[in-house]
Every structure is written in C-alpha cells, then in structure tokens.
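Next come the chains, spelled out residue by residue.
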Amino acid sequence: MNDKLLSLALTIILAFCLACSKPENTSTEQFDIFIKGAQVLDGTGAPPFYANILVKNGLIQKIEQDTSKQFQADELINAKGKILTPGFIDTHAHGNPLETPDFRNFLAMGVTTIFLGQDGSSPSTADISEWMDKVDASQLGPNIGMFVGHGTLRMLSGVKYQTTPKENDLAKMDSLLQMAMDAGCFGLSTGLEYNPGYLADSLELLGLAKIVGENGGMIMSHMRNEDDDAMERSIDELLLQGSYCPVHISHIKVVYAKGEERANEILEKLEISRNEGKTITADIYPYEASYTGISILFPDWAKAPANYEEVVKNRRTELENYLRNRVNKRNGPEATLIGSGPYSGKNLAEIAVMLKKPFEKVLVDDIGPSGTSAAYFVMDETVMKTFLKAPFINVCSDGSPNSSHPRGYGTFAKIIENYVMKDRLLTLPEAIHKMTGMPAKTVGITDRGLIKEGYKADLLVFQPGEVKAKATYEKADQLAEGFDLVIVNGEITKSGNKFSEGNGQIIKKK
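Conventions we followed
- Within each chain, residue numbers correspond to sequence positions counted from 1 in written order.
- Per-residue local features of the predicted model are confined to residues with pLDDT of at least 70, and side-chain atom pairs are confined, for both listing and counting, to 80 or more; whole-chain, interface and lining totals are unaffected and use all residues.
- Working from all heavy atoms in the structure, the side-chain values ignore hydrogens and water.
- Being paired, for any two strands, means DSSP has found at least two bridges between them.
- Going along the chain from the N terminus, every DSSP run of H or I of four or more residues is numbered as a helix, and every run of E of two or more is numbered as a strand.
- Each axis is a line fitted through C-alpha atoms, and for a helix only the stretch in contact is used; angles between axes span 0 to 180 degrees, taken between their N-to-C directions.
- Rotating anticlockwise by less than a right angle from the far helix to the near helix defines a left-handed crossing, while the corresponding clockwise rotation defines a right-handed one.
- When checking whether two residues touch, look at their non-hydrogen atoms; a contact exists if any pair is within 4.5 Å.
- Asp, Glu, Lys and Arg are counted as charged, while Ala, Val, Leu, Ile, Met, Phe, Trp, Tyr, Cys and Pro are counted as nonpolar; the rest, among them Gly, fall into the polar class.
- Only protein chains enter the area calculation, which uses a 1.4 Å probe; residues under 20% of their type maximum are buried, those over 50% are exposed, and those in between are partly exposed.
- Only a pair of cysteine sulfur atoms within 2.5 Å counts as a disulfide in this structure description.
- Side-chain rings of Phe, Tyr and Trp (the six-membered ring for Trp) are treated as a pair once their centres are within 6.5 Å; stacked means planes under 30 degrees apart, edge-to-face means over 60, and tilted covers the remaining angles.
- We define a salt bridge as a side-chain nitrogen of Lys or Arg found within 4 Å of a carboxyl oxygen belonging to Asp or Glu.

## A closer look at the sheet that holds strand β8 (residues 143-146)
Strand order in the open sheet made by the three strands is β6-β7-β8, with parallel pairing throughout. Of all strands in the sheet, those bounded by a partner on one side alone are β6 (88-90) and β8. Pairs of neighbouring strands in the sheet enclose a mean axial angle of 20°, with direction left out of account. Where strand β7 (residues 111-116) meets β8, four bridges bridge the pair, whose relative direction is parallel. Residue F115 lies in a different strand from β8, and its bridge partner there is G145.

Written out as structure tokens, the structure is:
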C-alpha cells in the first residue's frame, strides 16, 4: 500500500473511531434547563419515579426516565436526592397584583399559580380585560387566574343593596358577568356571608349560575353561613346553583362543630350529590382560625345600607346583646384576635381590660362593623383533618401578602411539614396531588398542575424534610423555607433565598 492510500485508510479509521466513541446517550438538542436525576411526583397522586426533566421555551419538553442520558442545556440543575413536583396551585388567594406583583409570600411556599377575585369581590371595573392586561405587564411572581365577584357585579350594575333587584338591573349584572367570562375569568365567586352578597336570593343566583354554566365556568362560593347549625342549608343553596354549573365550597369549615363524625356527615352529603351527577368540590386551609372582617360579628341590620350611627343611637341595647351572645357563642372574646388597626395583636378580652369596658361596648364604640379584621379561633382540628383527607377537597391558603393570618405565608409548607412529615395524615404523593393536579382539574386548567410533556414548566425542587412554615399568629409575615428552586413558565424565579424578576402571567379560561 502506498503512502497516500495508507494515509487515507488511517483517516477513515480515525473518523470511524471518533464517531463510535461519541456517547450514544448524549442528545445534541439545546435546552434551557436540564433537571438531572430528580425523584418526580407528577401531580396525579401516583408513586414517584426518577427522571431527567428538560425545559425549553417555557414548556416541559422531555421527561427521560433513563437518567444516565446526558443533555445540553443553558442551566444544569443536579436534583439528585431531591423531589421534583409541579408548582402548587392556590385556588383561593387574595391581594392586589398592581401593588404587590411579586407575591413572594406565595412563591416562598411553592405556589406558582394563584386565583384572585374571591368571596364575591373582584376589581371594581366593568372592563376586567383591561385590568388583566395591566396586571400581565407588571412582572408577576406567580401566574394569576381570575374569578369575577358577585358582590362587585351588584355594585357595578347599580343593584348595590337592593333586596329585590329590578329586572333591568339583573340584566345589567348578567351582561357584566358575560363580559367577564368572555375576558377569560374562570367563573363567578360569591360571598354570601358578606355585604352585599347576603342580600341575594335564589332567583338572582340561579340566573347568574346559568350564564356561568353556558360559558364552561364554575361558581366558587363563600357560602351564606358556615355555622354548624346552618351548614346543610348553605350547601343546599349552593347545590341548586350546581344544577347549571360546577360549584365549589371555598375554604370549607364547620364553625363550632367538633369531631370526625360531624365532618363525615358533611362529606357524605357532598358525596351523595356527586354520585347524582353534580360537580361539587371544595378547598381548605390547615388552620383552626379563620380570618376576615369584623363585620362578620355584626347583625345584618347594623350593616350597609343601614346607617350605623342611627342603629347605635336607636338600638344600642339590642346591638350590644347581639354582639355579646354571638362572640360568646364563637368561643368567647379570647377567641377573636384583632389583626389590623390600633388593636392589632390583641384579642377582644385584652382590649376590654385595656379600655375598662365590656367587649361588646368595645365592638360598638371603638371598632364598629368596618373597623378592622380579625382571626377567629372557632374551628376544630379533627374536623379540618377529616376534610383534608377527602378525595375531592384540595388545598388553598385564603391568604394574601398583607394579611395578619399565617395561612398567607405558611399553608402549603405546613401541609408538608405537619400533615405529611409529622402526622402522616397524607402521603407525599397525595399531598402534592391536592396542591397541583387536583386544583388544576377542579378549576379547569388544562396545561399546568402536572409533570407532563407539553405542559407549562411551573416546577419545584426541594427536600420535604427541610420544608418549614415559619409564619405564626404573632408574626404572620415570615416566609416559608425549604423550597430550594421555584420555576415559573420555564424561568427560575426563586433559588435558595434569592428571588429573581417575575415571570408569571395572567392565565385565562380556555
């Protein structure tokens, strides 16, 4: 063989060897993020599996269960020894995204999507689409979905505090609701324990439910009365609306009730309706105290449209008797912890001692029906735990960035810390399902909530044993710990204790 042929042969052999030496398990495609060797809980409730997760253009592009394979990416995340889950979805949250668009309290506890417009109250604008556009441009931390509030519709339409709205006013409400559904709202929220929601009758509510159903939405309801002796009536009212659309009980609780048996009675009632074909679900937060405006203690006749000063002048004794009886029924003045205003951090009993007057006079003279918000220790943990285990009840926070209740900073971390790792009430796959896949299905999100190819890359990487809910009633604004990596729409939004520029977006009903 001459030198030229020998050289050519050696070149061919070398090229062949180099080609053969390239690992067959290496992909040449370039990804944005390569999460390597994670133990994956996909949000369905299924057992975990190990996989490499590849993210590109904001989506989960590939789930590779052969973890020996290598991939090229701008960002490599070694998730060995850690859990990877979908980002949590909070079906009932509060806050103003134009004031606090980062919503770090939610991101810190692993929440990548929140739903606002709750308890019958949404942005006070007829054109919610324009408001959504402003929010979408504000560098959101988490994603935001919207419900339109029934009370807001009443105020915008001119119905306001009418007990029997005129037909043309009802038509205005219907039109505003249709505009909101067209804008991408996921449905209607009601706050029937609040003003003006408590003024609505069945005719009004059923008419709105029909429109919600025609648009593929749902009704999310803070029901008319959550007291033990009124729960069945409140549920029945909601189930009537459920003849036209899916219905959902917001932050399910039974005030004053105690024990697993009572909780199971409520669950059985809901299950019967579900078996009859109605779609009724609920969400819950893992705390024994609720939190809302102090007006919840006052009688309807002392709230707008009534003139409160005239009520005090003409019906003071009646009002004081009502408040004394109601507060005592709600576990006494020690069980009402003021969360805002000059008496923040003190309970009614302490304020009464400080001001040297009975607590009912404090409520009448020093606070009033619109003077503050408070935490009310009126729930039984056994009832809450029984509800939490139910297969159609998901987790929510009912929290906000500026609430004085720890649920806004601790809920999702507390579920893992207390009810998975400590009490073993739920398995980790069950808990993750209740915070991801289940709420997504309930509300109607079709591209988030699961680890699935083609879904939005809202992801968490963490070690369950390190997750801690730090918020307390005394200091409610302490961020949760332990969620090492929070990814929103394919971008790392939180790494360790550092937050980056928000990548959330407004999501709309499809």
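Okay, back to it.
## Considering the sheet that holds strand β9 (residues 148-149)
The sheet built from six strands is open, its strands ordered β9-β10-β11-β12-β13-β17 with parallel pairing. Two strands bound the open sheet, and with one partner strand each, they are β9 and β17 (393-395). As defined by bridge partners, β9 adjoins strand β10 (residues 187-191) across two bridges and the pair is classed as parallel. The residue of β10 that forms the bridge with G149 is S189.

## Focus on the packing of helix α9 (residues 308-329) against helix α11 (residues 359-367)
Across the interface, α9 lies against α11 with an axial gap of 8 Å and an inter-helix angle of 145°. Between α9 and α11 lies a crossing of right-handed hand. Here α9 contributes Y308, V312, R316, L319, E320, L323, R324, V327 and N328 to the contact with α11, which in turn contributes F359, E360, K361, L363, V364 and D365. Of the residues in the contact of α9 with α11, the class split is eight nonpolar, one polar and six charged.

## Description of unusual backbone geometry
Following N195, the chain continues to P196 via a peptide bond in cis, the omega torsion being 10°. Within the secondary structure layout, P196 lies in the loop between β10 and α6 (202-214). Of note, the amide linkage connecting A304 to P305 takes the cis form, showing an omega dihedral of 15°. With a phi angle near 55°, N57 is a residue other than glycine that sits in the positive phi range. Positionally, N57 belongs in the loop between β2 (49-56) and β3 (59-64). Residue N57 is classed as exposed on the basis of its relative accessible area, which comes to 61%. A positive phi is found at K356, a non-glycine position, where the angle reads about 60°. On the secondary structure map, K356 appears in the loop between α10 (348-355) and α11.

## As for the environment of D477
Within the element layout of this structure, D477 appears in the loop between β18 (459-462) and β19 (485-488). Judged by its relative accessible area of 45%, D477 falls in the partly exposed class. Taking the C-alpha atoms as reference points, D477 and G410, 67 residues apart in sequence, are found 8.9 Å from one another.

## Observations concerning the pairing of strand β20 (residues 491-495)
Taken together, the four bridges between β19 and β20 define a ladder with antiparallel strand orientation. By the bridge assignment, I487 is partnered in β20 with I492. Between β19 and β20, which follow one another and run antiparallel, lie two residues, and N489 among them has a positive phi close to 50°. Two strands pair when backbone bridges link them, and β20 and strand β21 (residues 498-499) are joined in this way by two bridges, in the antiparallel orientation. Residue pairing in the sheet places S495 in a bridge with K498 of β21. The hairpin turn running from β20 into β21, its antiparallel successor, is two residues long, and G496 in that turn takes a positive phi close to 65°.

## Let's talk about the state of the cysteines
Simply put, the disulfide is a covalent bond whose two ends are the sulfur atoms of two cysteines. This structure, assessed with the given rule, holds zero disulfides. Unpaired in this structure, C185 has its nearest cysteine sulfur neighbour in C245, at a distance of 14 Å. By relative accessible area, C245 is classed as buried at 5%.

## What about the packing of aromatic side chains?
Going through the model one piece at a time under the given rule, you end up with 12 aromatic pairs. On the numbers, 6.1 Å between centres and 75° between planes, the contact of F298 with Y308 is edge-to-face. With F298 in the loop between β14 (289-293) and α9 and Y308 in helix α9, this pair connects stretches of sequence that are 10 residues apart. Each of the two residues, F298 as well as Y308, counts as buried. Ring-pair connections join several aromatic residues into one group, and the members of that group are F88, F412, F462 and F483.

## Some words on the pattern of salt bridges
This model, assessed by the stated rule, comprises 30 salt bridges. A salt bridge links R224 to E237, with the nearest nitrogen and oxygen atoms 2.9 Å apart. Of this pair, R224 sits in the loop between β11 (218-222) and α7 (231-241) while E237 is found in helix α7, placing the two residues 13 residues apart along the sequence. On the basis of relative accessible area, R224 is assigned to the partly exposed category, the value being 24%. We classify E237 as buried; its relative accessible area is 15%. Between D236 and K269 there is a salt bridge, with its nearest N and O atoms 2.7 Å apart. Pair noted here: D236 is in helix α7 and K269 is in helix α8 (residues 260-275), with a separation of 33 residues, a long-range link. Among the charged side chains, a salt-bridge network with shared partners connects D228, E232, R262 and E265.

## Remarks on the side chain of T85
Topologically, T85 is positioned in strand β5 (residues 83-86). For T85, a relative accessible area of 0% gives the class buried.

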